Amino acid sequence: AEPLLPRGENGVDGRAVRVGTRRSQLARIQTDSVVMMLRELYPDLRFEIAVAMSTTGDKILDTALSKIGEKSLFTKELENALERNEVDLVVHSLKDLPTSLPPGFTIGAVCKRENPLDAVVFHPKNCGKTLSLLPEKSVIGTSSLRRAAQLKKKFPHLEFRDIRGNLNTRLKKLDEKEDFSAIVLAAAGLKRMGWENRVGQLLGPEDCLYAVGQGALAVEVRAKDQEILNMVSALHDADTVLCCIAERAFMKRLEGGCSVPVAVNTLLKDGQLYLTGAVYSLDGSDSLKETMQTSVTYPHQNEDGPNDDVQHVGITAKNVPGQAQEAAENLGVELASLLLSKGAKHILSVARQLNDAR
């Protein structure tokens, strides 16, 4: 991408580049890390962080996420600020962003993915244990239907209960009360918060496939703001982009979201992209899982011109070969279609109905 040259004294048009973030500590840490990368790339630009937006997802804490029924739980308020030109870019966890963004927005950067796996944090009295070693009927806290469905199946002796709140709140609930024996969280969030030492067990793909986009940070911008788009595109990590396009395309074709258990695992090796995708009933008793692969080795063609605004499941990545992005998207769609042909729609609609009735 052509470099973004500061046209004014201290920024784009002589003003600072404004970055929007949610109020939570993790959101701040994630935003700060992206701004740090941008400052390194563009030492002449001035970046300002505009905080303080509490989103719907932050405010409604007494309801399970899957019940609030809002696709863009954590993103709507931030998008409003983008739309009103109050901020120029917003940093999200990619897994919070719906597979179809509202018109006028795009994901201008997907940063190099942190460990995408789920992690178990144990109550201090269970230190040194693993899930399989916990006593019968131990209660595990998780706000994710995807995690609960897979772990119920794998560890039938355990009970699973909703736990909400940001990371700090959840860890506090775990440590200070006797309600939970352990909680399951994304390893990436724990690492970013500096709490890696709390990880008692990492759940590999054989235990628990992860959420679409988990572990990756996304930078959302106005789709027409070419200058900001060019600037943030330097943050794209090509491998992460291809994996996440495949995952998001899989989810989109399945019409999955917060309210149904959909899970993935991707691997990019020697130019081959492998995608494992699965759908589960709420209790995990019914599931479908398949793996497919495709080649993503394509030369980078100069794709200027009419293809300028091509988005793949909401992501604009001009510096990643277009054909590779297309191959990744097709892989996700084909894998979802395969699961649908085997009955995924039924599993998901029953899961959705049961969840709505809870």
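Residues numbered from 1 in each chain as written. Predicted model: local features only at pLDDT ≥ 70, side-chain atom pairs only at ≥ 80, totals over all residues. Heavy atoms only, no water.

J.: Now, about the overall build of the chain: what can you tell me, with residues and values included?
T.: Per the secondary structure count, the chain includes eleven helices and 13 strands. Sequence-distant contacts, at least 24 apart, represent 73% of the contacts inside the chain between residues at least 6 apart. Working note: accessible area of the chain is about 15,700 Å², and carbon and sulfur atoms make up 49% of it. (Helix = DSSP H or I, 4+ residues; strand = E, 2+ residues; numbered from the N terminus. Contact = heavy atoms within 4.5 Å. Areas by Shrake-Rupley, 256 points an atom, 1.4 Å probe, with all protein chains shown as cover.)

J.: So what's going on with the state of the cysteines? Which residues, and what values?
T.: This structure, assessed with the given rule, holds zero disulfides. In this model Cys 243 remains outside any disulfide bridge; the closest cysteine sulfur is found in Cys 244, 6.5 Å from its own. The class for Cys 243 is buried, based on a relative accessible area of 9%. (Disulfide = S-S within 2.5 Å. Buried < 20%, exposed > 50% of the residue type's maximum accessible area, 1.4 Å probe, protein only.)

J.: I'd like a rundown of the sheet that holds strand β13 (residues 287-295), residues and numbers included.
T.: Reading across the sheet, the three strands line up as β11-β12-β13 and stay open at both edges, with antiparallel pairing between neighbours. Two strands in the sheet have a free side with no partner beyond their single neighbour: β11 (262-269) and β13. Between one strand and the next, the sheet's axes are offset by a mean angle of 15 degrees, whatever the strand orientation. Relative to β13, strand β12 (residues 272-280) runs antiparallel, the two being bridged by nine bridges. By the bridge assignment for β13, Ala 278 is matched with Lys 289. Each of β11 and β12 is contacted by helix α9 (residues 238-254), which is oriented at about 150 degrees to β11, the strand it contacts most. (Pairing = 2+ DSSP bridges. Axes fitted to C-alpha atoms, helices over the stretch in contact; angles between N-to-C directions.)

J.: How would you summarise the sheet that holds strand β8 (residues 182-186) if you had to cite specific residues and measurements?
T.: In space, the five strands of this open sheet follow the order β7-β6-β8-β5-β9, with mixed pairing throughout. A single partner strand is all that each edge strand has here, and the edge strands are β7 (159-161) and β9 (199-203). Shown here is a sheet whose adjacent strand axes are inclined to one another by a mean of 30 degrees, direction ignored. Here strand β5 (residues 118-122) pairs with β9 via four bridges, running antiparallel. Paired with Val 120 across the bridge in β9 is Gln 201.

J.: So what's going on with unusual backbone geometry? Residues and values would help.
T.: Of note in this structure, Lys 137 is not a glycine but carries a positive phi near 65 degrees. Here Lys 137 falls in the exposed class, since its relative accessible area comes to 54%.

J.: Can you break down the environment of Gly 271 residue by residue, with the values?
T.: Take Gly 271: it is sitting in the loop between β11 and β12. Sequence spacing of Gly 271 and Tyr 298 is 27 residues, and the spatial spacing of their C-alpha atoms is 8.9 Å. Not counting residues up to four positions away in its chain, the partners in contact with Gly 271 are Thr 294, Ser 295, Val 296 and Thr 297.

J.: Let's hear about the nonpolar core: which residues, and what values?
T.: With 46 residues, the main nonpolar core has Leu 94, Ile 107, Phe 250, Leu 254, Val 262 and Val 279 as its most contacted residues. The set of elements that each furnish at least two residues to this core consists of β4 (105-110), α9, β11, β12, α10 (322-341) and α11 (344-357). It is α9 that contributes the most residues to this core, ten residues altogether. The residues contacting Leu 254, other than those within four sequence positions of it, are Val 262, Val 279, Ala 336, Leu 340, Ala 344 and Leu 348. Listed in part, the 20 residues of the second largest apolar core include Val 35, Phe 47, Ala 109 and Leu 217. (Core = buried A, V, L, I, M, F, W, Y, C linked by side-chain atoms within 4.5 Å.)

J.: Lay out the confidence of the model for the chain with the relevant residues and their values.
T.: Mean pLDDT for the chain: 88, with 86% of residues reaching 70 or above. Ranking the elements of the chain by mean pLDDT puts helix α3 (residues 65-68) last with 41 and β5 first with 98. Of the regions scoring below 50 in pLDDT, residues 1-11 engages in 26 contacts with residues more than four places distant in sequence or in other chains. The low-confidence segment residues 55-73, where pLDDT is below 50, has 42 contacts with residues more than four positions distant or belonging to other chains. (pLDDT = per-residue confidence, 0-100.)

J.: Go over helix α4 (residues 76-83), please, and point to the residues and values.
T.: Three or more residues of α4 are buried, namely Leu 78, Glu 79, Ala 81 and Leu 82. Relative to the axis of α4, the buried residues are bounded by an arc of 155 degrees and lie together on one face. Residue Asn 85 follows α4 closely and has a positive phi angle near 60 degrees. (Arc of directions from axis to C-beta.)

J.: Tell me about the side chain of Thr 240, and name the residues and values.
T.: By the element assignment, Thr 240 lies in helix α9. The class for Thr 240 is buried, based on a relative accessible area of 6%. Separated by 2.5 Å, the side chains of Thr 240 and Asp 237 make a polar contact. Residues contacting Thr 240, with those up to four places away along its chain left out, are Val 110, Cys 111, Lys 112, Arg 113 and Ala 216. (Polar contact = N/O pair within 3.5 Å; in protein donor to acceptor, adjacent residues only side chain to side chain.)

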